[in-house]
Amino acid sequence: QNPYEGSIWFDDRELTSLDETERCAYIGYLGHDTELLSDTVENNILLGGTGDVKALLRAVRLEREVTPETRIGAGGMRLSGGQQQRLALARQLANLKPLLILDDPFSALDRRTEREVFDELRKKAKDSAVLLISHRLYVFPELDGVLWMQNGVVRTSTHAELMASCPEYAELYKLQQGGQEMHKNVSTVRIILSSALKNAVLSIGTIAAVAGAIVTALIPPLVLERIVNNFLDTAFLFLFQFGYHLF
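Described below are features of the structure shown in this document.

What counts as what
Along each chain, the written sequence defines residue order, and numbers are assigned to residues from 1. With pLDDT at 70 or above as the cut-off, local features in this predicted model cover only qualifying residues; side-chain atom pairs require 80 or more to be listed or tallied, and sums for whole chains, interfaces and linings still use all residues. Excluded from the side-chain calculation are hydrogens and water; included are all heavy atoms of the structure. The pairing criterion is simple: DSSP has to find at least two bridges between the two strands. Put simply, DSSP H or I for four residues or longer makes a helix, DSSP E for two residues or longer makes a strand, and each gets a number counted from the N terminus. Axes here mean lines fitted to C-alpha atoms, for a helix over just the part in contact, with angles spanning 0 to 180 degrees between N-to-C directions. Throughout, a residue-residue contact means that at least one pair of heavy atoms, one from each residue, lies within 4.5 Å. In this description, a nonpolar core means a group of buried Ala, Val, Leu, Ile, Met, Phe, Trp, Tyr and Cys residues linked to one another through side-chain atoms lying within 4.5 Å. Here the term buried applies to any residue with accessible area under 20% of the maximum for its type, exposed to any over 50%, and partly exposed to those in between, with areas from a 1.4 Å probe on protein chains only. Each Phe, Tyr or Trp ring (for Trp, its six-membered ring) is paired with any other whose centre lies within 6.5 Å, and the angle between the two planes then decides the class: stacked below 30 degrees, edge-to-face above 60, tilted in between. The labels follow the angle: roughly parallel below 35 degrees, roughly antiparallel above 145, roughly perpendicular from 65 to 115, and oblique for the rest. Only Asp, Glu, Lys and Arg are considered charged, only Ala, Val, Leu, Ile, Met, Phe, Trp, Tyr, Cys and Pro nonpolar, and every remaining residue, Gly among them, polar.

**Regarding the sheet that holds strand β7 (residues 129-133)**
Spatial strand order, β3-β6-β7: 3 strands in an open sheet with parallel pairing. In this open sheet, the two edge strands, each paired with only one partner strand, are β3 (27-30) and β7. Here the average twist between neighbouring strands, direction ignored, is 10°. Bridge count for β3 against strand β6 (residues 99-103) is 4 bridges, and the pairing is parallel. Paired with I27 across the strands is L99, a residue of β6. Taken strand by strand, helix α4 (residues 81-94) contacts β3 and β6, and its axis lies near 175° from that of β3.

**A short note on the nonpolar core**
In terms of nonpolar packing, the biggest core is built from 37 residues, with I45, L87, L89, F106, L121 and Y169 touching the most fellow members. Among the elements of the structure, α2 (41-46), α3 (53-59), α4, β6, α5 (111-124), β8 (146-150) and α7 (167-199) are those that each provide at least two residues to this core. Residues within four places of I45 in sequence aside, it is in contact with V53, L56, L57, L87, A90, R91, A94 and N95. Core analysis: the second largest hydrophobic core is formed by 6 residues, F10, L18, Y26 and L99 among them.

**Quick word on the packing of aromatic side chains**
Under the definition given, this model contains 2 aromatic pairs. For the ring pair F10 and Y26, a centre distance of 5.3 Å and an interplane angle of 80° mean the geometry is edge-to-face. In this pair, F10 sits in strand β1 (residues 9-10) while Y26 sits in helix α1 (residues 20-26), placing the two residues 16 residues apart along the sequence. The burial state of F10 is the same as that of Y26; both residues are buried. Taken together, a centroid distance of 5.2 Å and an interplanar angle of 90° make the contact between W148 and Y169 edge-to-face. With W148 in strand β8 and Y169 in helix α7, this residue pair connects regions lying 21 residues apart in the sequence. Each member of the pair, W148 together with Y169, is buried.

**A look at the environment of A170**
Structurally, A170 is set in helix α7. Judged by its relative accessible area of 7%, A170 falls in the buried class. Separated by 11 residues in sequence, A170 and H159 place their C-alpha atoms 9.0 Å apart.

**Here we look at the packing of α4 against α5**
The geometry of α4 relative to α5 is characterised by a closest axis approach of 11 Å and an angle of 10° between their N-to-C directions. Compared by their axis directions, α4 and α5 come out roughly parallel. Contacts between α4 and α5 pair R86, L89 and L93 from the former with T113, V117, L121 and K124 from the latter. A per-class count over the contact of α4 with α5 returns 4 nonpolar, 1 polar and 2 charged.

This is the structure in structure tokens:
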């Protein structure tokens, strides 16, 4: 039975007119279940085909974490969630189809790795149509188009147009950007605290200097309360441990 209303055409053919073999030849899909085999990394990527496995591992930033000969368990045992995602993506890149559907492929990756893998994806899949399903909008400004789904309504537009005309989309994008900025500032303060409190002699002057460094590091005022709380908790814990060992 037709699982949808209307019509979906691909390469001048309606999708339901294709048999399973034809659909598999046209469409590549990467979902949350990576379906990795109990075998080597190379065999998981190539699936009996040929290709440059090392280049594919570099493309998904796995070259320093596994080798083509690394053996993994069924379902990706012995790999982290992010490694499983990247290995499954390398498989899709090794067997590129005209249409590639990626369902939240970067959900377990940090932003830097996501950025690098996305850039490689654009290069290697430049001749394919890629549908990227994601709740993380960092790379959306670089997409050719965006399908925004809300309350059963689908809007086809671009990132810039949605930012101007869709308050919900704009708010979500800004919240994610703001959250990333907050994470950067909190990380900066933690580094300052760790360095200062480990290497300096504890004194009122040292704590005041660290506090001054924290205030200097703060740019977005919205994170002030969280940063100060982190500082006070860390300073109190260090003083408590220092006093315990002292007495």
